[in-house]
Amino acid sequence: MKRLVYSLLLVTVFCFAEAFEGEQKKADCLLLQDENSIICKYEHERMEEDVEISVHWISPNGETSRERLMIIPAGHGSIYDFRYIEGRAKGTWSFIVKEGDVETKTTFVVE
């Protein structure tokens, strides 16, 4: 009987560990050439309270092109930021989101 209880407990712990492991924060950017648009998205687990984040667009020369404070409303799991491609410096850009001490980064190339 103890083996059964311990086995069920072990399986339950692994199931919950896997569920929490899957809730990672991530950022991604999409360039739509035909619409002259860069759309960046930041995703994280849904929270029961508002979450304040800061969004940073870093140009290829390392300078901060835009910095914004944004609030992800309670119950939401993502936020978008948008810019035009035209007028952006050519090269590899970074899109960085800071939520507390956690920094999430992605890069994209403007040609």
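Up top is the structure these notes are about.
Reading the values: the criteria
Residues numbered from 1 in each chain as written. Predicted model: local features only at pLDDT ≥ 70, side-chain atom pairs only at ≥ 80, totals over all residues. Heavy atoms only, no water. Disulfide = S-S within 2.5 Å. Helix = DSSP H or I, 4+ residues; strand = E, 2+ residues; numbered from the N terminus. Buried < 20%, exposed > 50% of the residue type's maximum accessible area, 1.4 Å probe, protein only. Pairing = 2+ DSSP bridges. Axes fitted to C-alpha atoms, helices over the stretch in contact; angles between N-to-C directions.

Undergrad: Quick rundown of the state of the cysteines? Include the residues and the values.
TA: Taken as a whole and judged by the stated rule, the model has 1 disulfide. Bridging Cys 29 to Cys 40, the disulfide has an S-S length of 2.0 Å. Between Cys 29 and Cys 40 the disulfide shows an S-S torsion of about 110°. By sign, it is right-handed. Of this pair, Cys 29 sits in strand E1 (residues 26-32) while Cys 40 sits in strand E2 (residues 37-43), and the two are 11 residues apart along the sequence. The pair Cys 29 / Cys 40 is uniform in exposure class, with both members buried.

Undergrad: Account for the sheet that holds strand E6 (residues 91-99), naming residues and giving values.
TA: With respect to topology, 4 strands assemble into an open sheet ordered E4-E3-E6-E7, the strand pairing being antiparallel. Two strands close off the open sheet at either side, each with one partner strand: strand E4 (64-72) and strand E7 (102-110). Each strand axis lies, on average, 20° off the axis of its neighbour in the sheet, ignoring direction. Bridge count for strand E3 (residues 51-58) against E4 is 8 bridges, and the pairing is antiparallel. Paired with Trp 57 across the strands is Arg 66, a residue of E4.

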